[in-house]
Amino acid sequence: GALPFYDAVTAFRVAATDRQLRNTLKQLTGFSVGLRRKRLRSGTAFALAQSIGTLDSLKRLEADVSFSTIGEEGARWLVQAVGSLRHLQCLELSLGGSGLGAAGSRKLAQELCSLRLQRLKLDLSFNDIGDTGLRELSQTLGSLSEVSSLVLDLNRNRVADMGIGWLAQAITALPMLRDLEIFLFD
């Protein structure tokens, strides 16, 4: 049957605590959530991350929290939840303008390296990750040997030639890569 309607905070909290709903959600293989430009209360990001982390059988995740009020801490919670999804094959994660920074980029890189992704689309635009953050991300990208499709939006991140070089080196290390899109301007 249809799931009852809740506001975002309530829905994520109910999904994390209600046994019947949790059992239904555990069967999901695909999940999309769009909270772009939303004003989120402080507990929403944590509840969202907690809920996503329980979706054990998820193979495809699309999450857009760009330019919302999720903040750096909320983005890190979300990234940690994504890293726990061991069956994930396709990830579209939009964290543009979330305040991720170099430290958040490092956390994202740590979580991504544990996944066996085939398709990866990351929007990290407007996060000021700089060369340091791009180096961390590039090292992880180079280790994702099963990725065949990669889309990176890295606009407005204060990345210089050094960071672009690390990214180029990582991309050449991807043996299965067939489709590539990179957006990188400052």
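These figures come from a predicted structure and were not determined experimentally.

Caption draft 1: The arrangement of the overall build of the protein in detail. From N to C terminus, the protein includes 7 helices and 6 strands. Counting from the amino terminus, the protein carries its helices and strands in the arrangement α-α-β-α-β-α-β-α-β-α-β-α-β. In the protein, which comprises 186 residues, the proportion classed as buried is 47%. In the protein, of all internal contacts separated by at least 6 residues, the share reaching a separation of at least 24 is 86%.

Caption draft 2: The arrangement of a nonpolar patch on the surface in detail. A contiguous nonpolar surface patch, about 280 Å² in accessible area, is contributed by I164, L180, I182 and L184. For L180, the position within the fold is in strand β6 (residues 179–183).

Caption draft 3: Local environment of the packing of helix α5 (residues 101–112) against helix α6 (residues 130–141). Interaxial distance between α5 and α6 falls to 8 Å at its minimum, and their mutual angle equals 5°. In terms of orientation, α5 lies roughly parallel with respect to α6. Taken together, the residues of α6 that come into contact with α5 (itself represented by A102, S105, R106, L108, A109, Q110 and L112) are T132, G133, L134, E136, L137 and T140. Partitioning the contact of α5 with α6 into residue classes produces 6 nonpolar, 5 polar and 2 charged.

Caption draft 4: Broad picture of the sheet that holds strand β4 (residues 119–123). Read across the sheet, 6 strands follow the order β1-β2-β3-β4-β5-β6 without closing on themselves; strand pairing throughout is parallel. Each edge of the open sheet is held by one strand with a lone partner, namely β1 (30–34) and β6. Ignoring strand direction, the axes of neighbouring strands in this sheet form an average angle of 5°. Note that strand β5 (residues 149–153) and β6 share 5 bridges and pair parallel. Paired with V151 across the two strands is E181, which belongs to β6.

Parameters at a glance
- Residues numbered from 1 in each chain as written.
- Predicted model: local features only at pLDDT ≥ 70, side-chain atom pairs only at ≥ 80, totals over all residues.
- Heavy atoms only, no water.
- Helix = DSSP H or I, 4+ residues; strand = E, 2+ residues; numbered from the N terminus.
- Buried < 20%, exposed > 50% of the residue type's maximum accessible area, 1.4 Å probe, protein only.
- Contact = heavy atoms within 4.5 Å.
- Patch = residues over 30% accessible without salt bridge, like charges linked within 9 Å, V, L, I, M, F, W, Y side chains within 5 Å.
- Areas by Shrake-Rupley, 256 points an atom, 1.4 Å probe, with all protein chains shown as cover.
- Salt bridge = Lys/Arg side-chain N within 4 Å of Asp/Glu carboxyl O.
- Axes fitted to C-alpha atoms, helices over the stretch in contact; angles between N-to-C directions.
- Parallel < 35°, antiparallel > 145°, perpendicular 65-115°, else oblique.
- Nonpolar A, V, L, I, M, F, W, Y, C, P; charged D, E, K, R; others polar.
- Pairing = 2+ DSSP bridges.

By themselves, these figures tell us nothing about what the structure is for.
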